[in-house]
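Tertiary structure, described
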Amino acid sequence: MSRFDNLIETVEAYQALAAENYDRIRTLAEEIRSGFCDFLGSTDGVCVHLVPPAGAYKPKAHGDAAFSIPPRGFRLLGPISFGLAVRVTRDTDWLRLVMQCRKIGDKFKIQIEDGSVYEFSLPLKDADPEPFYEYLYQHILLWFSDHIERYKEGDYGTREIGFDFADDINAAQA
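The paragraphs below set out a description of the structure included in this document. (Residues numbered from 1 in each chain as written. Predicted model: local features only at pLDDT ≥ 70, side-chain atom pairs only at ≥ 80, totals over all residues. Heavy atoms only, no water.)

1. What about the environment of L77?
For L77, the position within the fold is in the loop between β1 (48-51) and β2 (80-87). For L77, a relative accessible area of 38% puts it in the partly exposed group. Considered as a pair, L77 and Y22 are 55 residues apart in the sequence and their alpha carbons are 8.5 Å apart. (Helix = DSSP H or I, 4+ residues; strand = E, 2+ residues; numbered from the N terminus. Buried < 20%, exposed > 50% of the residue type's maximum accessible area, 1.4 Å probe, protein only.)

2. Observations concerning the pattern of salt bridges
On inspection of all chains with the given rule, the structure shows nine salt bridges. A salt bridge links D44 to R87; its shortest N-O distance comes to 3.0 Å. With D44 in the loop between α1 (3-40) and β1 and R87 in strand β2, this residue pair connects regions lying 43 residues apart in the sequence. For D44, a relative accessible area of 33% translates into the label partly exposed. For R87, a relative accessible area of 9% corresponds to the buried category. For R72, the salt bridge goes to D64, with nearest N and O atoms at 2.9 Å. Bridged by salt links that share partners, the residues R26, E30, R33, D64 and R72 form one connected network. (Salt bridge = Lys/Arg side-chain N within 4 Å of Asp/Glu carboxyl O.)

3. Remarks on the state of the cysteines
All chains considered together, the criterion is met by one disulfide. What pairs with C37 in a disulfide is C47, and their sulfur atoms sit 2.5 Å apart. Residues C37 and C47 are joined by a disulfide whose S-S torsion is about 135°; by sign, that bridge is right-handed. Taken together, the positions of C37 in helix α1 and C47 in the loop between α1 and β1 put the pair 10 residues apart, joining distant regions of the chain. Under the relative-accessibility criterion, C47 is labelled buried at 3%. (Disulfide = S-S within 2.5 Å.)

By themselves, these figures tell us nothing about what the structure is for.
Written out as structure tokens, the structure is:
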């Protein structure tokens, strides 16, 4: 086998693993999007969307653009980020949680932008999502509760917990 053929075979194996990684994260993100909205119990429409992990966004389905790498073409094998927009009022106020996903050994870790990490055991299909939904819910609730307390104490705080609010406050509900 020539060096070139060896290189080609190695890159093909690399790309197969990159596809596996992307597919795993994409499937998990889609499940979080639908499952977390159901967990929250919204009775007046969609309350969670997948959005880009960086830059401007609107609270709507962004498809492939919701992920830090593309679904096709040459993909790097590494952590993948996505944004999760969550409606936090009955109107059209949304916040974005940015999550980075990575496989470490037989564990799968989701790190929220502020550094907190939730760990699943692989395979993901065997994982119960309810504890993760509760973790996300408590994370969001704590952010608001903490800022209420900071305000009462005279310290307004910052946005360090990993949220970004939608710029377009007039965006229509999906």
